[in-house]
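Residues per chain are reported as follows:
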Amino acid sequence: NGLTVAGGNGQGNGINQLYYPCGLYVDDDDQTIYIADASNHCTVEGKWGATISQVVAGGNGQGNGTHQLSDPFDVIVDKEEDSLIICVIRIEEWGLTMDENGSLYVVDYGKHEVRRYRRGESQGIVVADGNGSENCLDQLYGPHYVFVNRDHSVYVSDWGNDRVMKWVEGAKQGIVVAGDQGEGNGLTQLSNPWGVVIDQLGTVCVTDRGNHRIMRCPKGATKGSVIVGGNGRGGQSNQLNVLIGLSFDRHGKFHVVENENHGVQKFNIDSNA
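Residues numbered from 1 in each chain as written. Predicted model: local features only at pLDDT ≥ 70, side-chain atom pairs only at ≥ 80, totals over all residues. Heavy atoms only, no water.

Identification of the chain as NHL repeat-containing protein from Didymodactylos carnosus is taken from an unreviewed UniProt entry.

Laid out in C-alpha cells, this is it:
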C-alpha cells in the first residue's frame, strides 16, 4: 500500500490537488518533490511530510509567455545552475534527465530518438535510435522517458514497442532489458511502459501504464515481478490508475505519479524480496 504525498483529492487547482500530473523529480538534498502538473500548466513543489503543494513555475494559464507553461510533461533540477528544467509536450519532447556532468538527455517522441546536449550546446547528438519507428534493436517507437546511469548508458521506455531498451554509450543499437514479448500482462510483457529508473545493481523498474502496475526486472533476467499494483485499475489501496513518472529517493523509496487519480504515491519496497 502506498502513501499519498501530493494530490489525491480529485482533479483541480487547489493547494492539495493536481490535474493529470505526469513527470516528477525528487531532490535528495531536502526530499522536495517537483511535479509536472500538466493540465494545470504549472510545476509544483511538495515538501516532505506534507500533501500541500505550491506553484514554482507557470500557473498563469496555458501559453508561451515567460510566466506560462503549456502541458508540462517532465521536470528535473539542474543543481549547478540552481534551476528547474521543464519539458512541454507541445514540442513533442517528453522525458528528460541529466547526468553527473550536467549533460541533458531529452526524449523526442516525434523523431523516435534521445538526444544529449552538453552544457553550452544547442544542437546535441543522437544517443539512442534516430533510425525510424520500428522494433529493430537500432530503433525506437514512440519513446517516452529516459534514465542515464553512471557509465552513461541510456535506458529508454520504448512505449510503442512495449519494452525498455538500454543503449551503451557509443553503441549503434540497443539491448532489450524488459518486455519485448508483445503487449500483455504476463511477467515477460509490458503494456505501454512510461517511467523508468535503474538501481545500482542494474535492476530495471518501470511503470507498466497499461497494466496499472510497477514491474521490476533484475539485470539479465528474462522475466520480471510485480512490486506494486497489478490488481486492476482503480482507487483502492492495492490498485493504481494510469502510472506515468517514477523516481527513487535516497532511502530507496518509490515515488510514482498516478495520472488519473491526480496524485503522487510513495511506496516502501523491500529490495531483497
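### A look at the packing of aromatic side chains
The following threshold applies: When two rings of Phe, Tyr or Trp (its six-membered ring) have centres within 6.5 Å they constitute a pair, described as stacked for plane angles under 30 degrees, edge-to-face for angles over 60, and tilted for the intermediate range. Only DSSP runs of H or I covering at least 4 residues are called helices, and only runs of E covering at least 2 are called strands; the numbering of each starts at the N terminus. Remark: exposure states derive from per-residue accessible area (1.4 Å probe, protein chains only) relative to the maximum for the residue type, with buried under 20%, exposed over 50%, and partly exposed in between.
The final tally for this structure, using the stated rule, is eight aromatic pairs. Here the aromatic rings of Phe73 and Trp194 are separated by 5.7 Å at their centres, their planes lie at 45 degrees, and the arrangement is tilted. Note that Phe73 is positioned in strand 6 (residues 72-78) and Trp194 in strand 16 (residues 193-198), a separation of 121 residues in sequence. Here Phe73 matches Trp194 in class, with each residue buried. Ring geometry for Trp94 versus Tyr109: centroids 4.5 Å apart, planes at 15 degrees, classification stacked. Pair noted here: Trp94 is in strand 8 (residues 93-98) and Tyr109 is in the loop between strand 9 (104-108) and strand 10 (113-117), with a separation of 15 residues, a long-range link. Accessibility expressed as a relative area gives 14% for Trp94, which makes it buried. Grouping aromatic residues by their ring pairs yields a cluster made of Phe73, Trp94, Tyr109, Tyr145, Trp159 and Trp194.

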